[in-house]
Amino acid sequence: MSSDVRLPTGSAPSPAGAMPVGLAERSAAAAPVLEVERLCVSYGKVQAVREVSMRVPAGSIVTVIGPNGAGKTTLLMALMGLLPSQGGIRFKGDDCRGADPQQRVEMGMSLVTEKRDLFGSMTVEDNLTLGAFCHRRQGRAARLQDIDRVYALFPRLKARSTQLAQTLSGGERQMLALGRALMARPQLLLLDEPSLGLAPRIVREVLQAVAQLRDAGLSVLLVEQNARAALQIADEGYVLELGEVALHGSSEQLLHDPKVESTYLGMLRAE
Ligand code: ATP
C-alpha cells in the first residue's frame, strides 16, 4: 500500500495530493458533506430505519456500528437512493431526495455494497474502467491516471490487472470494489461491511487504505460489524439499534463507553 495516497482527480474537497489533515484540523473544518435528518425507511409495515439523524464532516470517517438487523445496510441503500425514504438527505448542502442513484454518483456519492458486486467474468482493469462510467467524457488519459492511483493504493491489484475478478481472493475483491468506487471520483464513500469474511490481516490492510483515503481528503461513511476495527480508524461513530441511533460520539468516547465495550467490543478483543 502506498503511503502517498492521491485520490482520483477531483475526488477530494482539497486538491488531490494534499497533505494529510490532522483530526483537530478536520474537526475545525467540519463542514458536513452529508446531513441526514430524521430519515425513515420501511419495508412494507416493517420500519427498518427510524428517524435517524447524522452528519459526516468533510474529510472524516464516520462509522455506523450495531447488531445484525439494526438497519445499517438499509440506511446506506436509502442514502444512495436505492430504497425510498422519508426525511432529509443533504449532500454538500444540496437536497438530494429527488436524485436517482446514478445522479447521486454524479453528485459525488459512491457505494461499495457488502456483496461487492463485481463483474466476475471481466478483468480487474475492466472492472475499474466501468467504475469511471459517469466520467466517460473525460477521456482515456484521465481514466488511466485514475487507474494508476488505484494501483498505487492497492499494488496487488496492479499485479492482477488482467486477471478475471471471479478468480480474486476475498481481500482482493474488496480492494477492487473499493478501487472501482474510487474511479467515480467520489467525495463521499459509503462502505458496507468492508471487513466481511476477511482475515484480520486483510481487514487491517483494507481499513488502513480507507484511513489513507480520509487523510487525502475523502469523506467516508463506514458501516461495520467489526466495531473495534472501525472505531480505531474512524473519527466519530453512531450506534444503531433497532433502526434508531442509540449512541453517538467520537470514536475515542465510544471505544471507552461501557455499553459499547460490553456489547460490541468484547468478542473482538482477541483480534
Ligand atoms: P446486518 O449487519 O446483518 O447486515 P443490518 O444492520 O445491515 O444487518 P438491514 O439489512 O438493514 O440490517 O436490515 C434491517 C431490518 O430490515 C431487518 O429487520 C431486516 O430483516 C429487514 N429487511 C432488510 N431487507 C429487507 C427486505 N428486502 N424486505 C423486508 N425486510 C427487510
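If you're wondering where the values come from, they're calculated on a predicted model, not measured in any experiment.

(A) Broad picture of the pattern of salt bridges. Counted under the stated rule, the structure contains 8 salt bridges. Glu-205 is the partner of Arg-156 in a salt bridge, and the nearest nitrogen-oxygen pair spans 3.1 Å. With Arg-156 in helix α6 (residues 155-159) and Glu-205 in helix α8 (residues 200-215), this residue pair connects regions lying 49 residues apart in the sequence. Judged by relative accessible area, Arg-156 falls into the partly exposed class, the value being 24%. Salt-bridge contacts for Glu-172 lead to Arg-160; the nearest nitrogen and oxygen are separated by 2.9 Å. Here Glu-172 is found in helix α7 (residues 170-182), whereas its partner Arg-160 is found in the loop between α6 and α7, with 12 residues between them in sequence. When its relative accessible area of 6% is taken as the criterion, Glu-172 is described as buried.

(B) How the structure looks around the layout of surface pockets. A volume near 520 Å³ is recorded for the largest pocket. Listed by contribution, the elements that provide at least two residues to the lining of the largest pocket are α3 (101-107), β6 (109-112), α4 (124-131) and α7. Three or more residues apiece are contributed to the lining of the largest pocket by two domains, here domain 1 (14-108 + 186-268) and domain 2 (115-169 + 178-184).

(C) Examining the site of the ligand more closely. Around the ligand, a shell composed of 13 residues is seen, among which Asn-68, Gly-69, Lys-72, Thr-74 and Gln-225 lie nearest. Ala-70 places a main-chain nitrogen or oxygen 3.0 Å from an oxygen atom of the ligand. Separating an oxygen atom of the ligand from a backbone N or O atom of Gly-71 is a distance of 3.0 Å. Considering the ligand on its own, with 630 Å² of exposed area, one finds that the protein chains cover 59% of that surface. Taken together, the residues of the shell around the ligand break down into 4 nonpolar, 6 polar and 3 charged.

(D) Region of the structure containing helix α2 (residues 72-79). Within α2, 6 of the 8 residues are buried, leaving the element largely enclosed by the surrounding structure. Turning to α2, its buried residues number three or more, namely Lys-72, Thr-74, Leu-75, Leu-76, Ala-78 and Leu-79. Note on α2: the residue one or two positions beyond its end, Gly-81, has a positive phi of about 85°.

(E) Quick look at the sheet that holds strand β10 (residues 244-250). If you trace the 6 strands from one edge of the open sheet to the other, you get β6-β7-β8-β3-β9-β10, paired in mixed fashion. The open sheet is flanked by β6 and β10, the only strands paired with a single partner. Ignoring which end each strand starts from, the neighbouring axes of this sheet average 15° apart. Lying over the sheet, helix α11 (residues 258-265) contacts β3 (61-65), β9 (236-241) and β10, oriented at roughly 65° with respect to β9.

(F) Quick peek at the environment of Ala-99. Positionally, Ala-99 belongs in the loop between β5 (94-95) and α3. Sequence-wise, Ala-99 and Met-80 are 19 residues apart; in three dimensions their C-alpha atoms are separated by 9.1 Å. In this view, Ala-99 contacts Arg-104 and Met-107; residues no more than four positions away in its chain are not counted.

(G) Quick peek at the sheet that holds strand β1 (residues 32-43). Spatially, β2-β1-β4-β5 is the arrangement adopted by the 4 strands of the open sheet, whose pairing is antiparallel. Edge strands, defined here as strands with exactly one partner in the open sheet, are β2 (46-57) and β5. Relative to β5, strand β4 (residues 86-91) is paired through 2 bridges, and the arrangement is antiparallel. Bridge pairing in β5 links Arg-90 to Asp-95.

(H) Structural context of α8. For α8, built from 16 residues, the straight-helix expectation of 22 Å at 1.5 Å per residue is met to within 8% by its first-to-last C-alpha distance of 22 Å. For α8, every residue scored as buried is listed here: Ile-202, Val-203, Glu-205, Val-206, Leu-207, Ala-209, Val-210, Ala-211, Gln-212, Leu-213 and Arg-214. Following α8 by one or two positions, Gly-217 adopts a phi angle in the positive range, close to 115°.

(I) Broad picture of the nonpolar core. Counting 38 residues, the largest nonpolar core has Leu-128, Leu-157, Leu-178, Leu-189, Leu-191, Val-220 and Leu-222 as the members making the most contacts within it. Going through the elements one at a time, α4, α5 (140-153), α7, β7 (188-192), α8, β8 (219-224) and α9 (227-233) are the ones with two or more residues in this core. For this core, the element with the highest residue contribution is α8, accounting for 8 residues. Listed in part, the 30 residues of the second largest apolar core include Val-33, Val-41, Ala-78 and Val-223.

Definitions and limits used
Residues numbered from 1 in each chain as written. Predicted model: local features only at pLDDT ≥ 70, side-chain atom pairs only at ≥ 80, totals over all residues. Heavy atoms only, no water. Salt bridge = Lys/Arg side-chain N within 4 Å of Asp/Glu carboxyl O. Helix = DSSP H or I, 4+ residues; strand = E, 2+ residues; numbered from the N terminus. Buried < 20%, exposed > 50% of the residue type's maximum accessible area, 1.4 Å probe, protein only. 1 Å grid on protein atoms, 1.4 Å probe; cavity = no way out; pocket = protein on both sides within 12 Å on 5 of 7 lines; lining within 4 Å. Points joined across faces, edges and corners; volume = space filled by probe spheres on them. Domains from an automatic or database assignment. Near = heavy atom within 4 Å. Polar contact = N/O pair within 3.5 Å; in protein donor to acceptor, adjacent residues only side chain to side chain. Areas by Shrake-Rupley, 256 points an atom, 1.4 Å probe, with all protein chains shown as cover. Nonpolar A, V, L, I, M, F, W, Y, C, P; charged D, E, K, R; others polar. Pairing = 2+ DSSP bridges. Axes fitted to C-alpha atoms, helices over the stretch in contact; angles between N-to-C directions. Contact = heavy atoms within 4.5 Å. Expected span 1.5 Å × (residues − 1). Core = buried A, V, L, I, M, F, W, Y, C linked by side-chain atoms within 4.5 Å.

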